[in-house]
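Close look at the chain arrangement
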Amino acid sequence: MKSIPHPIQYQGSKRNLAPVILRYVPKNVNWLIEPFSGSAAISIAVAARQIAKSYLINDLNKPLAELLRLIVDSPSETASFYEDIWNEQHSDSVEHYYRVRADFNRTQDPRLFLYLLARCVKGSVRYNADGMFNQSPDKRRHGTRPKTMRANILGVSTLLKGKAEFSSLDYREVLAGARPTDLVYMDPPYQGVCGERDSRYYSGIYHADFVSALEELNSREIPYIVSYDGRRGDKTFGEILPASLELTHIELEAGRSSQATLLGRDELTYESLYLSHALTDKLAHKPIDGRQPKPQQYSLFEPITHYV
Ligand SMILES: C[S@@+](CC[C@H](N)C(=O)[O-])C[C@H]1O[C@@H](n2cnc3c(N)ncnc32)[C@H](O)[C@@H]1O
């Protein structure tokens, strides 16, 4: 299988975990719905396996959702725009980055955002209190080469063209349209941050609102997967989802923490996945709940075997 294309560098992207998450995606999904799509890594991975008929890609961050739409619907133009802007940077690439950033904050042009994401520190978006993008450039790199970017853009377009819809709504509005034949994959903003202010993403969410939204999905028998809290060694990040939601909790080994390694500790990080009962009912082999004494662990590069 050819490697999966990824034009958008995005902090928190699930591209590396996608092969494991896809183990819990049943066959024959009608709509794959990603209310917190970010770079849409899961939609892209599911489309590469041709598992779902259609894709609903939503992120409250409007330029990001618009950028994904442009990549899918106008791939050549989007790649050429990137190439032009990338080629302009060489006289003084740092000064050029700050100029593009100011233009982006003024116009919200999603094509400028693609360049900023490719060029900023670790693809990690940062916003100030006024919602202005304020991340600095990575001074050691010039960003993805235009030829590689074009191949990634065309790859994603081939996978999703004619099959995807894009929006930038609050996740609750997106969930209202889900049906039992769909699958919702949710990766909300990092849980260590409370409330709606999260400088690391365009917006944060409230834990209590999110729990109510999941209760509502349960009552409508909607299959869903949530990536939520995580754990490094014995330290858990984020709030636990309540047992009343009756979710199956699975822990995925996500690698060694570089911070812990620097401090001479050898700690693994784990990411949690929660599966709704409407989803596990569809899986022929029931996944084991990770809250049992030994967490279920997977290599990130295992081949996919479906549970159905
Ligand atoms: C952890 S990131 C998702 C990363 C994604 N799984 C990927 O692979 O790139 C969370 C996303 O949720 C978006 N977001 C924050 N609040 C939201 C809301 N209320 N409704 C919809 N999206 C929201 C953020 O803009 C951010 O892109």
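In what follows, the accompanying structure is described. Each chain carries its own residue numbering, running from 1 in the direction its sequence is written. Under the rules for a predicted model, residues below a pLDDT of 70 receive no local features and side-chain atom pairs below 80 are neither given nor counted, while totals for whole chains, interfaces and linings still include all residues.

**A word on unusual backbone geometry**
- Phi is positive for Gln108, close to 60 degrees, though the residue is something other than glycine.
- Examined against the element boundaries, Gln108 turns out to sit in the loop between α5 (93–107) and α6 (110–119).
- Partly exposed residues are those whose C-beta has more than 12 but fewer than 20 other C-beta atoms within 10 Å; with 20 or more the residue is buried, with 12 or fewer it is exposed, and the C-beta atoms are placed from the backbone. Take Gln108: there are 13 C-beta atoms within 10 Å of it, and that puts it in the partly exposed class.
- Look at Glu246: it is not a glycine, yet its phi comes out positive at around 55 degrees.
- The secondary structure listing takes helices from DSSP runs of H or I that are at least 4 residues long and strands from runs of E that are at least 2 residues long, numbered from the N terminus. Looking at where Glu246 falls in the secondary structure, it is placed in the loop between β6 (235–237) and β7 (248–256).

**Re the site of the ligand**
- Nearness here is judged by the C-beta atom: place it from the backbone, and if it falls within 6 Å of a molecule or strand, the residue counts as near that partner. Around the ligand lies a shell of 21 residues, among which Phe36, Gly38, Ser39, Ala41 and Asp187 are the nearest.
- Three classes are used: nonpolar for Ala, Val, Leu, Ile, Met, Phe, Trp, Tyr, Cys and Pro, charged for Asp, Glu, Lys and Arg, and polar for all others, with Gly counted as polar. Classifying every residue of the shell around the ligand by side-chain character gives 11 nonpolar, 6 polar and 4 charged.

**Thoughts on helix α2 (residues 41–48)**
- Counting buried residues along α2, 8 of its 8 residues qualify, which places the element largely inside the surrounding structure.
- Taken together, the buried positions of α2 are Ala41, Ile42, Ser43, Ile44, Ala45, Val46, Ala47 and Ala48.
- Whether two residues are in contact is decided by their C-beta atoms, placed from the backbone, lying within 7 Å. Summarising the contacts, the buried residues of α2 are in contact with α1 (18–21), β1 (29–34), β2 (52–58), α7 (146–160) and β4 (183–186).
- Where α2 terminates, the next one or two residues include Gln50, which has phi positive at roughly 55 degrees.

**Notes on the packing of α2 against α7**
- In the contact formed by α2 and α7, the axes pass within 9 Å of each other and the chain directions differ by 65 degrees. Accordingly, the angle class assigned to the pair α2 and α7 is roughly perpendicular. For α2 against α7, the interelement crossing comes out left-handed. Contacts from Ile44, Ala47 and Ala48 of α2 reach α7 at Val156, Leu159 and Leu160.
- Its residues assigned to classes, the contact of α2 with α7 shows 6 nonpolar, no polar and no charged. As a rule, the C-alpha atoms of each element are fitted with a line to give its axis, helices using only the stretch in contact, and angles between N-to-C directions run from 0 to 180 degrees. Working definition: roughly parallel below 35 degrees, roughly antiparallel above 145 degrees, roughly perpendicular at 65 to 115 degrees, and oblique for all remaining angles. Crossings are assigned a handedness: left-handed for a near helix turned anticlockwise from the far helix by less than a right angle, right-handed for a clockwise turn.

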